[in-house]
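# Tertiary structure, described
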Amino acid sequence: MKVILIGYMASGKSLIGSELAKILNLEYLDLDQFIEEKEGKTIQKIFLEKGEIFFRKIENSYLNEILSSNKKMVLSLGGGTPCFSNNLKLLTENKDIRSFFLNVPVNELAKRLMNDKNNRPLVKYVTNENDMLEFVGKHLFERLPFYNQANYKVDANKSKGEVIESILNML
Ligand code: S3P
């Protein structure tokens, strides 16, 4: 089985995913990190040099590569992964996957992103909290129909321990 975490940027996918993998004694993979290692470049650099369309293409092919192995693991996706190419189909049609949407309210996401935006090409240039709130509000609204197709929805506006406990209870 693969446990897959999806959700908006800064919803805690990587933090929760790596902890969860330790608890479950499973391998942990972070799709963005996997892409960076394979390409030998940061996501930031890939966006800058080759653009988002190229990034979405390789994101799709690396996701395919990971999902085609039958290794058990915890996998954290990028915030946009379920919303592009046939990625959502790959996730929902695979019976070996349990997917969890880490749901965090817009104001909390905007706050977290203001403090951690430099490595995120999509929000890097947002300079004040109001603009961030407006951007995240609209963007998340567009993405919710994709995120809501996860097998489980988790209230992730809680401590790391509480979020992990909720996931363990649903597994
Ligand atoms: C993206 C989220 C990022 C990364 C890329 C695009 C998005 O991952 O994949 O910058 O479209 O939301 P995180 O969700 O880990 O920040």
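For the protein chain, the name recorded in an unreviewed UniProt entry is Shikimate kinase, with Bizionia arctica as its organism. In its Sequence similarities (unreviewed entry) section, UniProt records this for the protein chain: "Belongs to the shikimate kinase family."

This next bit is on the UniProt feature "binding site: Mg(2+)" (unreviewed entry) in the protein chain. On the UniProt side, "binding site: Mg(2+)" (unreviewed entry) is annotated at positions that read S14 here. With respect to the secondary-structure elements, S14 resides in helix 1 (residues 13–24). Residues in contact with S14, not counting those within four places in the same chain, are Y28, D30 and S76.

Our focus in this paragraph is the nonpolar core. The biggest cluster of nonpolar side chains holds 50 residues, and the ones touching the most others in it are L75 and I167. Per element, the largest residue contribution to this core is nine residues, and it comes from helix 3 (residues 43–68).

Close to the ligand lie 13 residues; K13, D32, R56, R120 and R143 are nearest. In the environment of the ligand, an oxygen atom lies 2.7 Å from a nitrogen or oxygen atom belonging to the side chain of R56. At 3.2 Å, a backbone N or O of G80 approaches an oxygen atom of the ligand. Considered on its own, the ligand offers 390 Å² of accessible surface; in the complex 94% of this is hidden by protein. The element that contributes the greatest number of residues to the shell around the ligand is helix 3, accounting for three residues. Along the lines of polarity and charge, the residues of the shell around the ligand split into five nonpolar, three polar and five charged.

This next bit is on the UniProt feature "binding site: ATP" (unreviewed entry) in the protein chain. What UniProt calls "binding site: ATP" (unreviewed entry) maps, in this numbering, to A10, S11, G12, K13, S14, L15 and R120. In this structure, S11 sits in the loop between strand 1 (2–6) and helix 1. Leaving out residues up to four positions away in the same chain, S11 has contacts with L102, V104, L109, R112 and A156. Polar side-chain contacts of S11 include one of 2.7 Å to the backbone oxygen of Y8.

Let us look at the packing of helix 5 (residues 106–115) against helix 6 (residues 129–147). Put simply, helix 5 and helix 6 touch, their axes get as near as 9 Å, and they point 125° apart. Here helix 5 lies oblique to helix 6, going by the angle between them. As for the relative orientation of helix 5 and helix 6, their crossing is right-handed in sense. Between helix 5, through V106, N107, L109, A110, L113 and M114, and helix 6, the contact on the second element is made entirely by E129, M132, L133, V136, G137 and L140. When grouped by side-chain class, the residues that make up the contact of helix 5 with helix 6 number nine nonpolar, two polar and one charged.

Residue position: K117 is located in the loop between helix 5 and helix 6. The side chain of K117 is buried and forms no salt bridge, while D116, the nearest opposite charge, is found at 10 Å. For K117, the side chain forms a polar contact with the main-chain oxygen of V126, separated by 3.2 Å. In this structure K117 touches V123, K124, V126 and M132, once residues within four positions along its chain are discounted.

What counts, and at which threshold
- Residues numbered from 1 in each chain as written.
- Predicted model: local features only at pLDDT ≥ 70, side-chain atom pairs only at ≥ 80, totals over all residues.
- Heavy atoms only, no water.
- UniProt positions renumbered as here; feature names shortened; annotations may be inferred.
- Helix = DSSP H or I, 4+ residues; strand = E, 2+ residues; numbered from the N terminus.
- Contact = heavy atoms within 4.5 Å.
- Core = buried A, V, L, I, M, F, W, Y, C linked by side-chain atoms within 4.5 Å.
- Buried < 20%, exposed > 50% of the residue type's maximum accessible area, 1.4 Å probe, protein only.
- Near = heavy atom within 4 Å.
- Polar contact = N/O pair within 3.5 Å; in protein donor to acceptor, adjacent residues only side chain to side chain.
- Areas by Shrake-Rupley, 256 points an atom, 1.4 Å probe, with all protein chains shown as cover.
- Nonpolar A, V, L, I, M, F, W, Y, C, P; charged D, E, K, R; others polar.
- Axes fitted to C-alpha atoms, helices over the stretch in contact; angles between N-to-C directions.
- Parallel < 35°, antiparallel > 145°, perpendicular 65-115°, else oblique.
- Left-handed = near helix turned anticlockwise from the far one by under 90°.
- Lys, Arg positive; Asp, Glu negative; His and termini not counted.
- Salt bridge = Lys/Arg side-chain N within 4 Å of Asp/Glu carboxyl O.

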